[in-house]
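Coordinates in review
So the chains spell out like this:
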Amino acid sequence: MSDRERQDRAPSSPREGGARPALRRCISVDPQVFAAEHWSRRPLLSTAEELGGTFTDLLDLDAVDELLSTRGLRTPFLRIAKDGAVVDAKRFTSSQGAGAEIADQVSSDSVLRLFAEGSTVVLQGLHRLWPPLVDFAGQLAEDLGHPTQVNAYVTPPSSRGFSPHYDVHDVFVLQVAGEKHWTIHAPVLADPLRTHPWTDRFAEVAAAAERAPVIDTVLRPGDALYLPRGYIHSAVALGEISAHLTVGVHSVTRWGAVESALDLVRTLAAEDPALRGSLPLGVDLADPGSTTEDVAAVLPRSEERRVGKEGSSLGWPDQ
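Attention here is on the structure that accompanies the text. (Residues numbered from 1 in each chain as written. Predicted model: local features only at pLDDT ≥ 70, side-chain atom pairs only at ≥ 80, totals over all residues. Heavy atoms only, no water.)

Some details on the sheet that holds strand 9 (residues 180–185)
If you walk across this open sheet you meet the three strands as 10-9-12, and the pairing is antiparallel. At either end of the open sheet lies a strand with only one pairing partner, and these are strand 10 (215–219) and strand 12 (232–237). Here the strands of the sheet are splayed against their neighbours by 15° on average, with no regard to which way each runs. Here strand 9 pairs with strand 10 via five bridges, running antiparallel. Residue pairing across strands places Lys180 opposite Leu219, the latter belonging to strand 10. (Pairing = 2+ DSSP bridges. Helix = DSSP H or I, 4+ residues; strand = E, 2+ residues; numbered from the N terminus. Axes fitted to C-alpha atoms, helices over the stretch in contact; angles between N-to-C directions.)

Notes on the side chain of Ser242
Of note, Ser242 is situated in strand 13 (residues 242–249). Setting aside anything within four residues of it in sequence, one finds Ser242 in contact with Tyr153, Val154, Thr155, Gln175, Ala177, Gly178, Glu179, Lys180 and Ala237. (Contact = heavy atoms within 4.5 Å.)

Comments concerning the pairing of strand 11 (residues 224–227)
On a regular strand, one side chain projects to one face of the sheet and the next to the other, so that they alternate. Residues Ala224 and Tyr226 of strand 11 are buried on one face, and the alternating residues Leu225 and Leu227, pointing to the opposite face, are buried as well. Two strands pair when backbone bridges link them, and strand 8 (residues 170–177) and strand 11 are joined in this way by four bridges, in the antiparallel orientation. Within strand 11, the residue paired with Leu174 across the bridge is Ala224. (Buried < 20%, exposed > 50% of the residue type's maximum accessible area, 1.4 Å probe, protein only.)

Some points on helix 6 (residues 108–116)
When we look at burial in helix 6, the residues that qualify are Ser110, Val111, Leu114 and Phe115. One side of helix 6 holds all its buried residues, which, seen down the axis, span an arc of 135°. Every exposed residue of helix 6 that faces more than 90 degrees away from the buried side is listed here: Asp109, Leu112 and Ala116. In this structure, the buried side of helix 6 is in contact with helix 5 (61–70), strand 2 (78–82), strand 5 (105–106), strand 6 (120–123) and strand 7 (148–155). Residue Gly118 follows helix 6 closely and has a positive phi angle near 105°. (Arc of directions from axis to C-beta.)

Things to note about the environment of Pro192
Its place among the elements puts Pro192 in the loop between strand 9 and helix 8 (202–208). Judged by relative accessible area, Pro192 falls into the buried class, the value being 1%. C-alpha separation for the pair Pro192 and His169, spaced 23 residues apart in sequence, amounts to 8.0 Å. Once residues within four sequence positions are removed from consideration, Pro192 is found in contact with Tyr166, Asp167, Val168, Arg229 and Gly230.

Description of the sheet that holds strand 3 (residues 85–86)
Ordered in space as 1-11-8-13-7-6-2-3, the eight strands form an open sheet in which the pairing is antiparallel. Only two strands of the sheet have a single neighbouring strand rather than two, namely strand 1 (44–46) and strand 3. The pairing of strand 2 with strand 3 spans two bridges and is antiparallel. Of the residues in strand 3, the one forming a bridge with Ala81 is Val86. In this fold helix 5 packs onto strand 2, strand 6, strand 7, strand 8 and strand 13, with an angle of close to 80° to the strand it touches most, strand 6.

Comments concerning helix 5
Looking at helix 5, one finds that the buried residues are Ala63, Val64, Leu67 and Leu68. Projected onto a plane normal to the axis of helix 5, the buried residues spread over an arc of 130° and lie on a single side. With respect to the buried face of helix 5, the exposed residues turned more than 90 degrees away are Asp62 and Thr70. On its buried side, helix 5 packs onto strand 2, helix 6, strand 6 and strand 7. The N-capping residue of helix 5, defined by a side-chain oxygen 3.2 Å from the backbone nitrogen of Asp62, is Asp60. Gly72 sits one or two residues past helix 5 and shows a positive phi near 60°. (Polar contact = N/O pair within 3.5 Å; in protein donor to acceptor, adjacent residues only side chain to side chain.)

Points about the side chain of Arg229
Mapping Arg229 onto the fold places it in the loop between strand 11 and strand 12. What makes Arg229 buried here is its relative accessible area of 6%.

And the structure:
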């Protein structure tokens, strides 16, 4: 992808001169510098000293305890992993007492036992559950112009929850408590989409993780790390409990716009009797020329359907 195309994807337009308060909490450079030099391009490590604060107002270990013990969490708002493997939810959920017939509620006792055995606790979807993070995630999405989500990872000392992998969304890692050793490696696939999970490139990812890292650092409370999607990463807690927030940024892409447009064409085409009709008997689908006219008829007829539905909830996606 060219620098020009990346500039097109960077946070810009009406927000460019704005304060971007949530973004500024996560980066040690000016937002315009971040947009030009880091967004979707390369990682950025920012220390607590550079950022001038911590993230305990967003979440701390007391808040984690409250969420696990008193908030009646259910799966999939909680996930547990150890040494790269996800723990079966049946090992930490139950109906939780008399009158509680919802069988997938989190058992805090079971979670504590697994945690003591070295498992990482992942609180998922906190942008929907925890008020400070609801506000923060919303503001960050406004600052970036892209949707966000927030998970929290709580890891016991000297433990690792997940093996080296990459995400199909950008992330901001915000260290809340303890220390965690992060190792970051260059991508094996640039700008992966959700159709490109890292497990499809397991061997490539494992081999890349053996090469020299682009970042090898310990995150301490108040430190932040930005990783574009595709960067391979793994982390190990050090001598005490580590807790960090991972803010996932689901970048809006041109591919997403195409996908939305095709979904709309599919929906509208299904309403057209002429398009629902069968092709001629004996059509040779191996010959592209045999269906050229039929394929060419889809878009104009779908456009006619769209124009006829103006004022309804259907319309072409924003570009």
